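# Breakdown of the fold
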Amino acid sequence: MNKKRPVNLDFRTIKLPLPAITSIIHRVTGVALFFGAIFVVYILGLSLESQSGFNAAAAILRDSFLAKLIAWGFVSALLYHMIAGIKHLIMDFGYCEELESGQLAAKVTVIVAVVAVLLAGVWIW
């Protein structure tokens, strides 16, 4: 048994590289999409019931701060998950697997996702 290995890991001192962080956020946004789908299905079902249901759903999305926040969170998670998924697909084809190109791909993913999330926020609000 190796005596040099740490016995108690302090997670506050562990520094993850950017590609690892983007991969973890990709998983977290997948979970957020799963739970956000509840709100989306509710609003969609309400809007498809009748004309008054559609008007109620439109009013909820237009007037409620919480509904706009949830919608923005869902769209943001969807955008990040899609952008990071495209990066993963590119990596599956054998590109951006080296250290430098992987770091660059992670930086591009974060930059494109931040721009897309900000644009989605402008569109929703």
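Scroll up for the structure.
Residues numbered from 1 in each chain as written. Predicted model: local features only at pLDDT ≥ 70, side-chain atom pairs only at ≥ 80, totals over all residues. Heavy atoms only, no water.

### Description of the layout of surface pockets
A probe as big as a water molecule, rolled over the atoms, marks out the empty space that is left. Approximately 290 Å³ is the volume attributed to the largest pocket. Lining the largest pocket are Phe-39, Val-40, Ile-43, Leu-44, Ser-47, Leu-61, Lys-68, Ala-71, Phe-74, Val-75, Trp-123 and Ile-124. The set of elements that each furnish at least two residues to the lining of the largest pocket consists of α1 (18-49), α3 (65-92) and α4 (99-124). The element that contributes the greatest number of residues to the lining of the largest pocket is α1, accounting for five residues. Classifying every residue of the lining of the largest pocket by side-chain character gives 10 nonpolar, one polar and one charged. Roughly 210 Å³ of volume is contained in the second largest pocket. Taken together, 13 residues line the second largest pocket, and the ones lying closest to its centre are Thr-29, Gly-73, Ser-76, Ala-77 and Tyr-80. For the lining of the second largest pocket, the leading source of residues is α3, giving six residues. For the lining of the second largest pocket, the residue count by class is nine nonpolar, four polar and no charged. (1 Å grid on protein atoms, 1.4 Å probe; cavity = no way out; pocket = protein on both sides within 12 Å on 5 of 7 lines; lining within 4 Å. Points joined across faces, edges and corners; volume = space filled by probe spheres on them. Helix = DSSP H or I, 4+ residues; strand = E, 2+ residues; numbered from the N terminus. Nonpolar A, V, L, I, M, F, W, Y, C, P; charged D, E, K, R; others polar.)

### Remarks on the packing of α1 against helix α2 (residues 51-63)
Here α1 crosses α2 at 140°, and the two axes come no closer than 6 Å. The angle between the axes of α1 and α2 places the two elements in the oblique class. Together, Phe-39, Ile-43, Leu-46 and Ser-47 of α1 and Gly-53, Phe-54, Ala-56, Ala-57, Ile-60 and Leu-61 of α2 make up the contact between the two elements. Along the lines of polarity and charge, the residues of the contact of α1 with α2 split into eight nonpolar, two polar and no charged. (Axes fitted to C-alpha atoms, helices over the stretch in contact; angles between N-to-C directions. Parallel < 35°, antiparallel > 145°, perpendicular 65-115°, else oblique. Contact = heavy atoms within 4.5 Å.)

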